[in-house]
Every structure is written in structure tokens, then in C-alpha cells.
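This is what each chain is made of:
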Amino acid sequence: MNKHSKIGAGLLALAGSAQALALDKYIPTTDRIGDPAAGWNHLWSEVLVDITIMGVLFAVVLAYLMVKFRRRPGVEGGGVKELSVGAAIGWAIIPAFIFLADDLFVAANGWQLWNLQRTVPADRLEVRLESGMYSWDYTYPNGVRTQNVLKVPAGKPVLLRMTSRDTIHNHYMPDFKVKEDSMPGRITYLWFYPKEPGKHLVTCNEYCGVSHSYMSGQVEVMPPEQYQAWYEEEGAKLKAAAAAPAATEGSAPAAAPTAGAAAQDNKKPA
Amino acid sequence: MNLKEWVFTTDHKRVGILYLIGSVAAFVVAGIMALLMRAELSAMGPTLTANPTTYNVWLYAHGAVMILGFQIPALTGFAANYAIPLMIGAKDVAFPRLNAFSVWLFYMGVILALLTFVIPDPPDVLWTGYPPYSTITTGNTALYTFTVLLIGFASIIAGVNFITTIAYMRAKGLTWNKLNFFVWSILGSFVMQLIYVPVLGTAVLLVSFDKYLGTHFFDPTMGGDVLTYQNLFWFYSHPAVYVIFLPFMGIIMDIFATFSKNRIFNYKAAVYGGVWGIVIISGEVWIHHLYVTGMPDWLRIGQMVTTLMISVPVGLMTISLVGTLYKGSITFETPMLYALGTMFLFLVGGLTGIPLAVTSLTVNLSETYYVVGHFHYVMAVAGSLAIFSGVYYWFPKMTGRMVNETWGRIAFVFTFVGANVIFWTMMNVGVKEGLPRRYYDWAQFPQVAHDQMVMTIGSVIIGIGFAIMLLNWILSAAFGKKAGDNPWESKSLEWTTASPPPHGNWPKPPVLADDWSPYAYAKR
Amino acid sequence: MSAHAVHEPARSVTVDASVIQIDEPRYLGAEVRRDTVLTDSDGRDFKLGDLLGKPVIMLLSYYGCDGTCPTMNAELARVLAGVSRFRLGPDYRVLTVSFDARDSQQTAAQFLAKAGAVPAAMRDGWRHAVVKDRNVKGFADQVGYKFFWSDAAKAFMHPNVLVFLTPTGRVARYIYGTRMDARTIELALIDADWNRITETASVFDMLTGACFSYNYVEGKYVPNYAQLIGIGSLVSGLVMMMLGMLGYRFRWTLSRRGMHE
């Protein structure tokens, strides 16, 4: 984390100190969880301004030159001499540095947001996702399973640990501005921060087969108490079901919740 | 005209025209696929076909045929074959028979691609053919593999041929720094093709091995890795974007110079910084196609920086283009209109690529309509308009006749307007709603109904534009008014011979004066 | 198969291997609890989280065992002596934990004395421990490890497996069997710490990691053939380009005058 910020800051020094402000906005603090979706919106608008300025500049210059230097009777035109060596080098080096500075400015900001997107807060709900043609299968820490509906409490970051049983899928939540592939043989993860109760679309974002466009689901963000009640009720049902067909071995629920991990987990799981 | 003479020709000009005919045919077929898809998407739910697989086959055919059958062959096949020997004052390419062989391979590839519409189990693996889907689908992955292999092989042969041609067959007095910019761009393209095509061939071949021979190259349970395919595929296929991009820059650069009657602004920066900068960086940016696949974080960040750095060579070439107009004497015939159109479309397409280079922004944008809009701006419309501007430009040389200007302009207006209507809307929908691409149906996104209709209308407009253009070419080739040897008053070498040039191009090989340059418009 | 009966080879007892098979897709990537308190053979208490920060090879055994558990420990010690790329202790750690609730610090110490195969030099980075609150089932469940007592065999039925944990305490890889080799251990350690790029040497580790991939069916690392072939074709592309030019140049110098007439 710190190392990244340092390098980021180093790159930034090249791009000019005025932009240093932008870099600090995404640093997540321990007591306040950064919201990647908000960070995305911010960076997007920033980059949009950047490319709009460049685009308009080039387009205006182009249009001006087209009109100004169109062939007119009686006006000499064309046949401009080659640039002198100094001018040629200047016209190569200076624009190159301007583009490079802009690139590094954008890259530094992008990196900062990336760190937030990949740094999962310690206090979180971890749900396992197995995708398949064509459904999303979620397993909660207490063993409760749901299909195509991911119920989560408001105000708590959610980590999805993902794999796939057949082709490559992609768990995309447009409202949370995040997606990541799930595929057989590898484990990937993403996290998002549902703040308010509500319903959000989940849709498959990687071509996975004939019914790709119909592979959708829902994130249902519930008030925390309501979620807790649902979670415990489902957990109890599961226990009862497990106990019913005699006490056989190995059907106990999986690991207990992982909340309260001692250190911040900023690496990917696999 | 004798058909046999054409089929068995070794003349680079005829090979070039064969490439043009084949790639334009591929363009028409793939374009019809696009119109079918737009019709399907115009309303929610099934409209044209009730079977998503049919749609997926159109999707496959559109992507694969446009890239492999149209853009790459039109630029590195048609434009290179027709113009390179003329531009460097050679009587033909270095290996004329090999050249003929490559055009045959290309035709076989196109025919194989068109078999998609004949066989009962057409491929539905997109032009990317990602496993595991491509190894478990009931579609015919082998057809995809062999199409890629044939056209790839044609490309390798052409690469060997053109690199040697450019390196050793220049006319006396034509030094490296006097080459047309287009020649440089083709050289850069073929260097990339030669280096990277074998990697693509390997990847697609191994997929078919996995599917038909039961190997486990990409089978994750047996020690394979599904991401290895994506890495190999994009290791070629991102450079492939530049294989298309460089010659299209080359064409419009030469057109800008000719129609501004001006030298190329800062030629050396555009060549050594632009072309070779791109060739060098091209192999280090493929991860931006894998930003959301779970590649290691450091790799995704590292290649974000290299991807953004592509803006430096591209920027240098753009400055050269813009600077060429400065103090020029600009006329706006159809080739120049298309070239200027390319320039504006590329401006939009290129700049909207910057957010996609940023890993953290792509986490939302990847695989949405935004991406589709972006690369259609760059490749589909800027690229195609550049190709067509080249066809318009060399049309008098090829046929000895002029294209009808009025209809040329009308076609341009339709194309330019239609392109913006579709692809601007597309990017907008992608960012605002996150509508994913490759969807047969957008039932989950009822809010995009209006935009989908607008895009479909745009596709009709652009379709009309292209149809007028093609008709105009055919009619002008037959009935157009006679063109002289040099209707655009260009200084470039290809305009010093007759239109159309005789076999061997010049009665005597041209010898160039010391102060000759393809851009020597300065009055002495 | 991956699971063996302990004592003698499985002939005496028929066990359905699937009963103790680890459900890999479910547990790969699972996170272990950092606050679990363990007691090692010297009687020291420590938290599992204290051990993390580096890749950890976890071996579940029981100390009353006289079958495969000592064998596994001895084999691991033998193989780790051959792992030269990483150092036990500074680069990674090993943890043997008992899944028998009856085990204690004393039995751990006895086991260690009896097994004897773990050299003193390795003891710094390798701990033999028991779960302090004796909730062994809960502990083993975290990584999907199943076992049960067989009255017939008078022993535990359990899989022989090394569990590789990432520095953050997630399951990266299961390596099965009583026969091990140093290369597999090295590759699995690279897998467990894949995201590392801060040290220069790790670049080579990542390259090695990229050249091999794990075969789930056979339970071992195999070369990533597709990738190697891909790199091979890239090299062939480069060579082809150079040969084409050199070859033509050679021909051209021989018949220089022929080209332009």
C-alpha cells in the first residue's frame, strides 16, 4: 500500500504538483471505508474532462486549418520547407513529454483507485460464488446457499470469492461499477460496498454460451437486522435439515464467519 | 479480360486488386451480419430470430470476417500489394509467385469463413474463440481454427515478401528517409505480423487439439490453464490492431500530403517515433484485454502504464497529420474527405481508448457497449474509411478512370453521419447503463430501448453510405471519365507511370534525382 | 487415490475414499481463522495469524499415529532439505497440527522425539502444535479436511495432504500423497505467494510459476505446454523474420544485377 503510494507520488512529481491533490482522494483510511463505486465515478469524470479537452483542441485546430488553408485562387499555398533539425526535435520531444505527463497523471490516479478496488476491508461478508451455465450460486459462511439472488446487509463490504464449473463467466454489477471473471481452475475475487438497502442487477459480462444474455441475477441489499434474521433463520433450517437424516459425518457447515481478521487483507486469495 | 490470366497472375497490381475484391466481398458479408444483428437488437426479445445461437453465429461471422477477411487483407494485402512496388519504383515484389500463393491462401480462408453459412454446425465462438467454451460448444471450432490458420499463413508469406521488397528493391536514389510514410507503415505492420502471427496460430490450433484430439492444453482440471489461451491470443491480437492501425495512418498521411500539396510535418518523428514506437510497444500491452480476468495485480498495473504510453507514438503521428495541413493548399476531393473523416473518427476513437487503458476504470467498462463503441470508432469506421479513402485515392491509377465525385461525397456524408449515430450512442449506453456486449437480448435493460432503436437506424444510414460507395466504384470503373496519369497532381512515385500501369510498372526503372522526395511540393 | 487408510495399506479396511475427499473447488481460496490459538511442542501458545505473512505449509496429523503421519513428517523433512530456492523460516513456514483432540503438548513432544526425522535446523520454521481449545474438527473444517475414527482399524481415516496457505492465510493448493518431491513443493510455494513482486528474485519465481500449472486430476504440477509452445512460436516468428531477410540478402548479393535488369 504505502510502497504503491510512494511510487505513485514519485510518478506524480513528474506530472506537476498541481495534481497531487487528486492522488490523495482515494487513500482508504482504517476507520472509514472507501467506496470504489464513488471513486470510479470521480476518476471517470476526471479522465473524461482530460480527453474532452484534448479532443476538442485537436478537432478545433484541424477544422481551423482545413478552412484557413483551403486552396483559393490567387493564394499561394503548399510546399512548406522541412523543419530545421532543432525544430524537428522540439516538435517530437515536447509533445512526447506532454503526452507522457498526461499518461502518468492518469496512471497515478488509476493506480490509486485500483488499490482501493483490490484492498478488501477486514470487516466484511465473504460469500463464495460458483458460476455455471447459466446461474450464480452463492454460498454463505454458515453454509446457506442461494441461487441468482445475493442477499447482503447494507453498510458492510461484501467479498465474492469466485470460481466456475464450466465456461468463463463474469459477475458484473453495473451499479457497483465492478466486475471480474470467474473461471474453472482459478479463484478470483471482487468486492463491493452496498450502502443503502435496495435491489441491483447482476449480469453476465463474459460470453459464456447460448443463453449468455439471459444469465442475470440480483443483489438484494437488506437492512442489517432484517438480513441477520434471514441469515440466522436459513442457517437454522440448514442445521435442522442436516440433523434430520441421522447424524452422519461430514455434513456440518463449513467454516465460521471470517470477520474480525487481525490484519488488513490486501492480497488476492489464491 | 481473361479470367485465367487473373487467377494465375503474379503481377503485384493484379494480386492487389484480387485482394481488394476478396476483402470487399468479405466486408459486404460481414456488414450484412452487422445489419442483421442490429435488426435483432432493435426491439427487446426475439425479433429476427428466436434462436440465440443464430445470433451468436452472426456475431462470430461479423467479427472474424471483418478483421481476418476484410481489414487485415485490405490493408496488408490490397494496399500494400498495389502501392508498395509503385511507391518504391520496383517492377514487382521480391517473390511474385509467393505473392500469388498468398492471395490464393487468402481466398481459401475467405471461402472457409463463408462456409459458416453452409454447414449445419457453424462456429459460435466469436472471433476470439476462448476456451473452455470453444472446446465444449457444439459449433464447429475447427472451421474457426482453419480460417485463422489459412489467413495467418497468407499473412506470413506476404510479410516475408514485403519486408524483403522494401529492404532491397527500392529504386536507385530512393533512400530510407525518402520513403513514403505509407511504405514505413506497411514495413512496421509486416514486422509485427511476422513476429506475432505464429503465436495466434499456435493458440487456435491448440484449442482445436483440445476439442477434437482430447488434449488438455487449456483444460484446467488436467494441468491446463484457460488464461493461457487468452494471453496467447491477445499477445497476437492486440498487435493485430496496430497491424491495421499503422497502414491506415500511412494511407491518410499520404493522402493528406497529396491533397495539401505539402510535405509531411516532422516526417522523421512520425516514422521513427510513431511507426517504430508502436512496433516496440505493441508487444507489451496485451494485458489490457485481460484486466478483469484475475491476472496478477502488478501485471494489470504495469500494462496500464505501457498501454497509456501508446499515446506517445500515436500522438506524434497525429501531430504530423495535423501539421501537414498547416500552410497547405488543401482541396477536398473524395479521398481527402474520407481521410479527414478518418481523422475525426480516430480522434474520438483514440481518445475514448484512454479510459480503457486505465485498469480501475476498465473494471466497470470492460465488455460493455462502451468498448464496442470505442473499437468500432477506431477500427470499424476510422479503419474502414481509411481503407476506402485509399481505394478512392488509387482508383484512377487502378482503373484509369475517375470516381464520380458527387456520389462519392454523398456516400461520405451517409457513412460519416451513420457511424457517429451508432457508435456515439453505443459508448453512451455502455457508460450510463453498463449494457454488456454480445447479448442476443437486452431484456434486463429495458431502459435502453430508445438507444437500441437509434443505433439500428444509424446502421441503416451507414449501410446506405457503403452501398452507394460500392455502386459508385463499380459504375465509375466501367463508365467513369478518363483519368490522366496523375489526376491528384501528386509528387509520389506511383503517379509517374501510366494509369493503369503496364506490366513491370515502368518501361525503364525510375532513377531518382538527389532532391527528389515523394513530398517535394516546394517551389524552387 | 489421494486418501489412504493409515496403519497398513488399505487392504484390511474398505473405505469409500470420497468420504474423506477434500472438496477442492469449495475450499481453494478459503481463509483460515487467524485468532485460533495453538500450543506447540515446547508448550508455547501462539496464534495462527502470527505464523502468516509468509506462505505456510500445513500438515494435519495426529501424534498417536504410527502409520502415515510419521512417514509424512519424515518425508516432508527429507524433501524440504532439498528445497534450495526458498529457506524454511525466512521464506516460508511449516506447521504440523494434530486433528486428534486427545493430543497435547506432551504427545507432540513425544512424537517429535520419536519421529526424529525433523532436523534441529528446521525446528525454527517448523512447529508441531495442537489446537489449544481442542476444537480440532472446527479447525480441520476450515480447510475442508475430513477424518474419522475407524474402530476396525483402531486408527483415524484421513487424507494425506499438504495444505499450502498464502501469506494472508488462504488455501492456495492441496498436494496429496506420501511421496513428495522438492520441485512440486517449490512450485506450490510459488503458487501460494503468486502476487509477490517486491523482491527482484521473485521475478524468476513468477517466470517459473508461469511455466508450470497444476493438474488437479493427477495432483501434480505439469509444464504449461500451451504457454511453452506459444513462446516457442514467438521465437520462431522472430527467427523467421531474420532468416528471411538474411536469406534474401545473400541471394541478392549473388545476382545483384539481375534484379533491376
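Keep in mind the model is a prediction, meaning the values are calculated, not measured.

Thresholds, definitions, all that
Residues numbered from 1 in each chain as written. Chains lettered and ligands numbered in written order. Predicted model: local features only at pLDDT ≥ 70, side-chain atom pairs only at ≥ 80, totals over all residues. Helix = DSSP H or I, 4+ residues; strand = E, 2+ residues; numbered from the N terminus. Rg over C-alpha atoms; globule rule 2.2 N^0.38 Å. Buried ≥ 20, exposed ≤ 12 C-beta atoms within 10 Å, placed from the backbone. Contact = placed C-beta atoms within 7 Å. Bend = angle between axes of the 7 residues up to and from the residue. Nonpolar A, V, L, I, M, F, W, Y, C, P; charged D, E, K, R; others polar. Expected span 1.5 Å × (residues − 1). Axes fitted to C-alpha atoms, helices over the stretch in contact; angles between N-to-C directions. Parallel < 35°, antiparallel > 145°, perpendicular 65-115°, else oblique. Left-handed = near helix turned anticlockwise from the far one by under 90°. Pairing = 2+ DSSP bridges. pLDDT = per-residue confidence, 0-100. Domains from an automatic or database assignment.

Within chain B, the secondary structure is distributed over 17 helices and 0 strands. Taking 24 Å as the expected radius of gyration for a compact globule of 524 residues, we find that chain B reaches 22 Å, a close match to that expectation. The C-alpha extent of chain B, read off along each of the three principal axes, is 70 × 50 × 45 Å. Taking all 524 residues of chain B together, 67% fall into the buried category. In chain B, the proportion of contacts linking residues at least 24 apart, taken out of those at least 6 apart, comes to 84%.

With that settled, the discussion passes to helix H15 (residues 369-399) of chain B. Since the α-helix packs 3.6 residues into each turn, any two residues three or four apart lie on the same face. Residue and element names in this part refer to chain B. At His376, H15 shows its strongest bend, of approximately 45°. The buried count for H15 comes to 29 of 31 residues, which makes it a mostly enclosed element. With its phi angle positive at about 75°, Gly400 sits one or two positions after the end of H15.

Right, let's talk about the interface of chain B and chain A for a bit. Each side of the interface is counted separately: chain B has 71 residues, and chain A has 69 residues. Elements supplying a minimum of two residues to the side of chain B that touches chain A: helix H3 (52-87), helix H8 (226-260), helix H9 (267-281), helix H10 (297-309), helix H11 (311-325), helix H12 (334-351), helix H13 (353-357) and helix H14 (359-365) of chain B. Counting residues per element, the side of chain B that touches chain A draws most heavily on H11 of chain B, which supplies 8 residues. Of the residues contributing to the side of chain B that touches chain A, the split by class is 38 nonpolar, 22 polar and 11 charged.

This brings us to helix H17 (residues 449-479) of chain B. Residues and elements named next belong to chain B. Its 31 residues place the ends of H17 45 Å apart at the C-alpha level, agreeing with the 45 Å of an ideal helix rising 1.5 Å per residue. Within the span of H17, buried status applies to Asp451, Gln452, Met455, Thr456, Gly458, Ser459, Ile462, Gly465, Met469, Asn472, Trp473 and Ser476. Where the residues of H17 are buried, they touch helix H2 (12-41), H15 and helix H16 (405-433).

Time to look at the environment of Gly353 of chain B. One can find Gly353 of chain B in helix H13. Apart from residues lying up to four places away in sequence, Gly353 of chain B is in contact with His374 and Val378 of chain B.

All names here are of chain B. In the contact formed by H2 and helix H4 (residues 96-114), the axes pass within 10 Å of each other and the chain directions differ by 10°. Accordingly, the angle class assigned to the pair H2 and H4 is roughly parallel. Here H2 and H4 pass one another in a crossing that is left-handed. Residues His12, Val15, Leu18, Tyr19, Gly22, Ala26 and Val29 of H2 pack against Pro96, Asn99, Ala100, Val103, Phe106, Tyr107, Val110 and Leu114 of H4. Considered class by class, the residues forming the contact of H2 with H4 number 12 nonpolar, 3 polar and no charged.

Following the sequence through the fold, Tyr439 of chain B ends up in the loop between H16 and H17. Residue classification places Tyr439 of chain B among the buried positions, given that 23 C-beta atoms sit within 10 Å. With 286 residues separating them along the chain, Tyr439 of chain B and Phe153 of chain B place their C-alpha atoms 32 Å apart. The residues touching Tyr439 of chain B, leaving out its near neighbours within four places in the chain, are His212 and Ser213 of chain A.

Residues and elements named next belong to chain C. Read from one edge of the open sheet, 7 strands run S3-S2-S6-S5-S4-S9-S10, paired in mixed fashion. Two strands in the sheet have a free side with no partner beyond their single neighbour: strand S3 (45-47) and strand S10 (171-176). Taken over all neighbouring pairs, the strand axes of this sheet differ in orientation by 35° on average, direction set aside. The sheet contact formed by strand S5 (residues 93-98) and strand S6 (residues 126-131) spans 4 bridges and is parallel. The residue of S6 that forms the bridge with Val94 is Trp126. The strands that helix H3 (residues 68-81) touches are strand S4 (56-61) and S5; relative to S4, the one it contacts most, it runs at about 160°. Contacts from helix H6 (residues 182-192) reach strand S9 (161-165) and S10, with the element oriented near 165° to S10.

Our focus in this paragraph is the confidence of the model for chain A. Residues and elements named next belong to chain A. When pLDDT is averaged across chain A, the result is 81; 79% of the residues are at 70 or more. The element-level mean pLDDT for chain A is lowest in helix H2 (residues 20-24), coming to 34, with strand S4 (residues 149-153) highest at 96. Every residue in residues 1-31 scores below 50 in pLDDT, and together they form 41 contacts with partners more than four places removed in sequence or on other chains. Below pLDDT 50 for its whole length, residues 246-270 participates in 51 contacts with residues either more than four positions away or in separate chains.

The next thing to look at is the domain arrangement of chain A. All names here are of chain A. Domain boundaries in chain A define domain 1 (2-70 + 84-118) and domain 2 (125-243). In this complex, domain 1 contributes 6 residues to the contact, which on the side of domain 2 involves 6 residues. Broken down by element, the residue count for the side of domain 1 that touches domain 2 peaks at 3 residues, all from helix H3 (residues 36-68). Of the residues belonging to the side of domain 1 that touches domain 2, the class tally is 4 nonpolar, 1 polar and 1 charged.

It is worth spelling out unusual backbone geometry at this point. What you tend to see is this: most non-glycine residues have negative phi, and most peptide bonds are trans. That bond from Pro131 of chain B to Pro132 of chain B is cis: its omega, 0°, falls within 30 degrees of zero. If you trace the backbone, Pro132 of chain B turns up in the loop between H4 and helix H5 (133-136). Note that the residue after Ser499 of chain B, namely Pro500 of chain B, is joined by a cis bond; omega there is -15°. By secondary structure assignment, the location of Pro500 of chain B is in the segment after H17. One non-glycine residue with positive phi stands out, namely Asn148 of chain A, at about 65°. Note that Asn148 of chain A resides in the loop between strand S3 (145-147) and S4. Residue classification places Asn148 of chain A among the partly exposed residues on the basis of 14 C-beta atoms within 10 Å. Look at Arg134 of chain C: it is not a glycine, yet its phi comes out positive at around 65°. Locating Arg134 of chain C in the fold gives a position in the loop between S6 and helix H5 (136-141).

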